[in-house]
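# Fold and geometry: a report
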Amino acid sequence: MPELPEVETVRRGLQPVLEGQRLSRVEARRADLRFPFPDGFVQRLTGATIERLERRAKYLMAVLDRGETLVMHLGMSGRFEIARPEGSTRPGEFHYAPDPNPKHAHVVFETDGGGRVTYYDPRRFGYMALIETETLAEHPWFAGLGPEPLSDAFDAQRLIDAFAGRKQGPKTLLLDQRVVAGLGNIYVCEALNRARISPFKPAGAIKPAQIKPLVGIIREVLDEAIAAGGSTLRDYAAADGALGYFQHRFRAYDREGEPCLNEGCKGVIHREVQAGRSTFFCSACQK
């Protein structure tokens, strides 16, 4: 499942070809993805101009000049391919995904600027909707979301308050989208390891002195992942041509049995299943 850095990478890749562009043609090749497309989906989009391409949590949002916003969620296997006169690119291709199969090309967007963006989704767990922009914040998908972890609204006091008196572990709370929006399993494991906080200890028992640095560490992890093109993406290269996978920088996630990389720690990374998800942690420095 793509997490915040992957979705932000996709947004940045789509931005140059979609933002400020008029949709000259839209094609929906089936009636639904995870959910049915809204009534008049093609007609409501055709001729509209995308004023801004934004992200909220794990949602992509194209704000239209018609008072509506196209909301897109990638699900587990949704991805885009951009075709322009100079060639094709894939902003945010999954690391283990096969090449796009034409039979999984479900939605096509064409712009007056000559861009063509195709949405592929083999499993069809992604979805798209058109929502009135003015009422977006009240929509059920967004109304309960917490602050963006990279925004000023996410600060140490908010996290201290969220942890206070809670019996759940900090990982469980950080994955709660009502506490903070967009965090997923990979980056929570990474942040807790860097902060040397146990993912299993009751959050209410963690001292504020430990919680305060966690906010900055979460931002640090996300910033590094976005700069690297995410951890499930494979088509973003640095200036020297080296592919930028954040998974090559993991300090905890998917490193079971390997040495902990925290300074001064001689422990090893362990894996346990927590609420149905793999939790990677160091038993030595994350007590």
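Counting from 1, residues in each chain are numbered in the order their sequence is written. In keeping with the predicted nature of the model, local features appear solely for residues at pLDDT of at least 70, side-chain atom pairs appear and are counted solely at 80 or more, and the whole-chain, interface and lining totals rest on all residues. Heavy atoms from the whole structure form the basis of all side-chain values; hydrogens and water molecules are not counted.

## What to know about the packing of aromatic side chains
Aromatic ring pairs are defined here through the distance separating the ring centres and the angle between the ring planes. What counts as a ring pair is set by centres within 6.5 Å for rings of Phe, Tyr and Trp (its six-membered ring), and what kind of pair is set by the plane angle: stacked under 30 degrees, edge-to-face over 60, tilted for all other angles. One pass over the structure, following the stated rule, counts 10 aromatic pairs. Taking the centre distance of 4.9 Å and the plane angle of 55° together, the rings of tyrosine 59 and phenylalanine 142 count as tilted. Residue tyrosine 59 is found in strand β3 (residues 59–64), and its partner phenylalanine 142 is found in the loop between β9 (127–132) and α3 (156–163); the two are separated by 83 residues along the sequence. Accessibility expressed as a relative area gives 6% for phenylalanine 142, which makes it buried. Judged by centre distance (4.9 Å) and plane angle (85°), the ring pair of phenylalanine 200 and phenylalanine 281 falls under edge-to-face. Only runs of H or I of at least four residues qualify as helices and only runs of E of at least two qualify as strands under DSSP, and these elements are numbered from the N terminus. In this scheme, a residue with accessible area under 20% of its type's maximum is buried, one over 50% is exposed, and one in between is partly exposed, where area comes from a 1.4 Å probe on protein chains only.

## Topic: the sheet that holds strand β4 (residues 68–73)
Any two strands are treated as partners once DSSP identifies two or more bridges connecting them. Read across the sheet, four strands follow the order β2-β3-β4-β9 without closing on themselves; strand pairing throughout is antiparallel. Edge positions in the sheet fall to β2 (50–56) and β9, since each of these pairs with one other strand and no more. Neighbour to neighbour, the strand axes of the sheet diverge by 20° on average, direction disregarded. Bridge analysis of β3 against β4 gives five bridges, and the strand direction is antiparallel. Simply put, an axis is a line fit to the C-alpha atoms, just over the touching stretch for a helix, and the angle between two N-to-C directions goes from 0 to 180 degrees.

## Section: the pattern of salt bridges
Criterion for a salt bridge: a side-chain nitrogen of Lys or Arg within 4 Å of a carboxyl oxygen of Asp or Glu. Enumeration over the complete set of coordinates arrives at 17 salt bridges. The salt bridge involving glutamate 8 is made with arginine 11; its shortest N-O contact spans 2.9 Å. Taken as a pair, glutamate 8 and arginine 11 lie in helix α1 (residues 4–18) at a separation of three residues, close to a single helical turn. Classification of arginine 11 as buried rests on a relative accessible area of 13%. Taken together, the shared-partner salt bridges connect Glu8, Arg11, Arg12, Arg55, Arg56 and Glu148 into one network.

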